[in-house]
Each structure stands twice: as C-alpha cells, then as structure tokens.
Amino acid sequence: MTVSELKEIKIDKPSAETAREVKERWDSIAKPLDGMGKFEDIFCRIGAINGSPDIDISKKALIVMCADNGVVAEGISQSGQEVTRICAENMVEGTTSVCRMADRIGVKVVAADIGIAGDRIKGIRDLRVRPGTENFSKKPAMTEAECLQAIENGIKLVKELADEGYRLIGTGEMGIGNTTTTSAMAAAFLGLSADEVTGRGAGLDDERLLRKKEIISESVKNYGLDENKDAFEVLSCVGGLDIAGLAGVCIGGAKYAVPIVLDGVISCVAALAAERMVSGVKDYLIASHRSREKAASMLMEKLAVEPVIDADMALGEGTGAVMMMGLLDMASAVYRNRRHFEDINIAQYKRY
C-alpha cells in the first residue's frame, strides 16, 4: 500500500435509516423515553454501522498494540524499555489488568507485537514492523514504508477478526514512552504547545516532566509540525508503531463496518490520525472514558465522540475500552430483551 492508496480508501456513511430504526426500538421498550441516556445513542451508532437494528455484540475483541519508542533514550520515562516486554509477556499469559477485566466479560484479548525491542515473544501475535522506533528527537520515528506497514497490519487484523464474527473491537496499547509520542502528535494536531497537551504519563517527577515537554516542543518545531501538517507525516515523524497500528485498526473498523471502542489518549490520537488520513473513520468510533491525560478531551472533541466513563483513569492497555464493553453488554440486555409497553398493559410514551 502506498500513501496515496491509503488516502484513497473510501468509507461509506453509516445508515441513518437504521439509526432511526434502533431509536424506535428503544422507544418501544417499556421504560421512560431516552431512559438509557448515552447508551441509546451509542446503540443507534452501532446499528447504523452494522446496517441492522438486530444488534448482537456478544462476540467482542480487544487489540493491544505493543511497541517500543526510541525517544525513551532521552529520559522522558520513569521506566526503561524492558518494561514493555515484561508487560507484553504477562499479557500473553493473561495476567495483566486488562486480561483480568476482559476475562470477566468474555472479551478476546489479541496482544500484538508491532514493534517491541529485542527478540520476539513466544505466543504473541506477530505484526512486528521493526524492533522499536528511532529516537524522534534525533531523526523521524519511522520511514514512510514502516509507518504504512504498521497501518496496514492494523487494517488486516480487523478484517481477520470481522471474518471470525467479532462485532465490536476495542483498542489498547503497551509501550514505554508512548505518552510522549502521543503528546507530540497531539501538539501538532491541535496546534497547541507541549505544556498544554503533556501529562505525567505513568508518573513522572517534575524534572522528567520538564524534559518530556522540552523534547516534544523542540521536535515539533524541528519537523515543522502544526495543525495544517499532513497527518501521515506527523505520525511518521513523532508517532509510534503502536499508534500507527491503532490508526490502522480505526481505518479497518470503518472499512469493514465494525464499531471501534477507543481507550484513552493514545487511542484517541491514533483515531484522529486515522480520520485525517481517511475521512469518515470517526463515524465508526465509540469513546469509552475520559483519560486523565491532558489532551484526551480535546482529541475527543475533534473526533466528535463523547465518553461515558469519567473516572480519572490512566491505566492504559485498553482497560477503559473493556470497561465500556462491559457497560455495553448490560445495555444490550435491555435492548435485546424488548419487553414492550403492551406486554405490561401500559400505553407507550410518545415524543412531543
């Protein structure tokens, strides 16, 4: 795939007619009008994407893109790169936070090595493009070919899961230093300073936080990145392989009509990159939670998505997305039960 072929991908608009049918079904259920609040709107979106009011989200998956980032060499992280590998190995064993949560509600976790430094990990899904990115403070994080490959790997993985019958896919990531890559991309996309979009990540002290902001500010300036810059160039210059892979997941969701549940700020910057490269992707996205990271709310506003969960979370791995899937499961029980007003001899509420 070339950059021009990527940008020529055409995304169909979800069915507005089906969205209306879903809303009518909600209204026919024995409950107050709009009683399920935001979940009713989300199900309208899911139905519009699926093209059917018969919504079944019982088969769900979470894609966790794992990758290392060369910029860690600049001292912008509390942990070393080895932590990415350790967490990815634990994910394969099913012992991380997101694996515990996913197991609870029957979500399949697909941990993928799209760019972990060092040797390959036994049992992980191999989507590796290269063993970690370059240090973007010295040179672009990825070449054009590497960035394209990571995006294409994400698209192909969504197709594979869709072919297996998965009807809801969440996004997750693991990679030391990826709040730095995310903040750099957010600064460019939003036209804001590093100070306005950069948080402490996994818990930086003041000195390292200042260093993180300096690296982001200098790099964005050196590459000439701003809100008018081509999104693919922003991604390849200061992004990460995990972000590129997740951008591919978002594009794949739109291409193959599978709703994509976003996790936190890293998923959101990947989603905005996807939308700016392939227009129409945002119509296939569902926000899960409002991340503690500074840029999260601003990125979601650009994507026109609104989160349901506001719990000051910043765990990563896709935990917010999985938590949202659990809530959608419960909402689905109401939607699919369809206990109608006539079943209980009560007149249906009307809209005025």
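Scroll up for the structure.
Model, not experiment: these values are computed from the prediction.

Asker: Before we go on, may I ask you to explain the packing of aromatic side chains in this structure?
Answerer: Where two aromatic rings form a pair, the distance of their centres and the angle of their planes describe that pair. One pass over the structure, following the stated rule, counts three aromatic pairs. Between Trp26 and Phe43, the ring centres sit 5.7 Å apart and the planes meet at 80°, which makes this aromatic pair edge-to-face. One end of the pair, Trp26, is in helix α2 (residues 16-28); the other, Phe43, is in helix α3 (residues 38-50), and 17 residues separate them in sequence. For the pair Phe43 and Tyr335, a centre-to-centre distance of 5.6 Å together with 40° between the ring planes defines the contact as tilted.

Asker: Could you clarify how one ought to interpret unusual backbone geometry in this entry?
Answerer: Leaving glycine out, the prevailing phi sign among residues is negative, and the prevailing peptide bond configuration is trans. In this model, Asp34 sits at a positive phi of 60°, which is unusual for a non-glycine residue. Residue position: Asp34 is located in the loop between α2 and α3. In this structure, Ala304 takes a positive phi of about 60° despite not being glycine. Structurally, Ala304 is set in the loop between α13 (296-303) and α14 (319-337). With a relative accessible area of 52%, Ala304 lands in the exposed category.

Asker: Hey, could you run me through the sheet that holds strand β5 (residues 260-261) in this one?
Answerer: Through backbone hydrogen bonds, the strands of a sheet pair up, either in parallel or in antiparallel fashion. Here we have six strands laid out as an open sheet, ordered β3-β2-β1-β4-β5-β6, and parallel in their pairing. Bordering the open sheet on either side are β3 (125-126) and β6 (285-286), each of which pairs with just one other strand. Here helix α11 (residues 241-255) sits on the sheet and contacts β1 (60-67), β2 (107-115), β4 (168-174), β5 and β6; the angle it forms with β1, its principal contact strand, is near 155°.

Asker: Please clarify how the nonpolar core should be interpreted in this entry.
Answerer: Generally speaking, a soluble globular protein has its nonpolar side chains buried in company with each other. In terms of nonpolar packing, the biggest core is built from 123 residues, with Ile151 and Met277 touching the most fellow members. A total of 10 residues in this core trace back to one element, the largest contributor, which is helix α12 (residues 265-277). When neighbours within four sequence positions are excluded, Ile151 is seen to be in contact with Met1, Leu6, Phe232, Leu235, Ala244, Gly248, Ile251 and Met277.

Asker: What am I meant to see in helix α9 (residues 206-222) here?
Answerer: Within an α-helix, residues lying three or four positions from one another point in the same direction, as the helix has 3.6 residues per turn. In this model, α9 (17 residues) spans 24 Å end to end at C-alpha, consistent with the 24 Å of a helix rising 1.5 Å per residue. Turning to α9, its buried residues number three or more, namely Leu209, Lys212, Lys213, Ile215, Ile216, Ser219 and Val220. Within α9, the buried residues cover an arc of 160° as seen down the axis, which keeps them to one side. Seen from the buried face of α9, the exposed residues on the opposite side, beyond 90 degrees, are Asp206, Glu207, Lys221 and Asn222. Residue Gly224 follows α9 closely and has a positive phi angle near 65°.

Asker: So what exactly am I meant to see when it comes to the pairing of β4 here?
Answerer: Sheet faces and side chains relate simply in a regular strand, where the side chains alternate between the two faces. Of all seven residues in β4, seven are buried, a share of seventy percent or more. Residue alternation in β4 divides its side chains into two sets, Leu168, Gly170, Gly172 and Met174 and Ile169, Thr171 and Glu173, and both sets are buried. Strand direction decides the pairing type here: β4 and β5, joined by two bridges, are parallel. Within β5, the position partnered with Ile169 by the bridge is Ile260.

Asker: Can you walk me through the side chain of Ser332 in this structure?
Answerer: Along the polypeptide, Ser332 turns up in helix α14. Looking at Ser332, the relative accessible area reads 7%, which means it is buried.

Asker: Teacher, can you tell me more about the packing of helix α7 (residues 178-190) against α12 here?
Answerer: Geometry of a packed helix pair, given as the angle between the helix axes and the separation of the axes. Between α7 and α12, whose axes approach to 9 Å, the crossing angle comes to 40°. Considered as vectors, α7 and α12 are oriented oblique to each other. Considering only the axes of α7 and α12, their crossing is left-handed. Here α7 contributes Asn178, Thr179, Thr182, Met185, Ala186 and Phe189 to the contact with α12, which in turn contributes Val265, Ile266, Val269, Leu272, Ala273 and Arg276. Split into classes, the residues belonging to the contact of α7 with α12 amount to eight nonpolar, three polar and one charged.

Scoring rules and cut-offs
- Residues numbered from 1 in each chain as written.
- Predicted model: local features only at pLDDT ≥ 70, side-chain atom pairs only at ≥ 80, totals over all residues.
- Heavy atoms only, no water.
- Phe/Tyr/Trp six-rings, centres within 6.5 Å; stacked < 30°, edge-to-face > 60°.
- Helix = DSSP H or I, 4+ residues; strand = E, 2+ residues; numbered from the N terminus.
- Buried < 20%, exposed > 50% of the residue type's maximum accessible area, 1.4 Å probe, protein only.
- Pairing = 2+ DSSP bridges.
- Contact = heavy atoms within 4.5 Å.
- Axes fitted to C-alpha atoms, helices over the stretch in contact; angles between N-to-C directions.
- Core = buried A, V, L, I, M, F, W, Y, C linked by side-chain atoms within 4.5 Å.
- Expected span 1.5 Å × (residues − 1).
- Arc of directions from axis to C-beta.
- Parallel < 35°, antiparallel > 145°, perpendicular 65-115°, else oblique.
- Left-handed = near helix turned anticlockwise from the far one by under 90°.
- Nonpolar A, V, L, I, M, F, W, Y, C, P; charged D, E, K, R; others polar.

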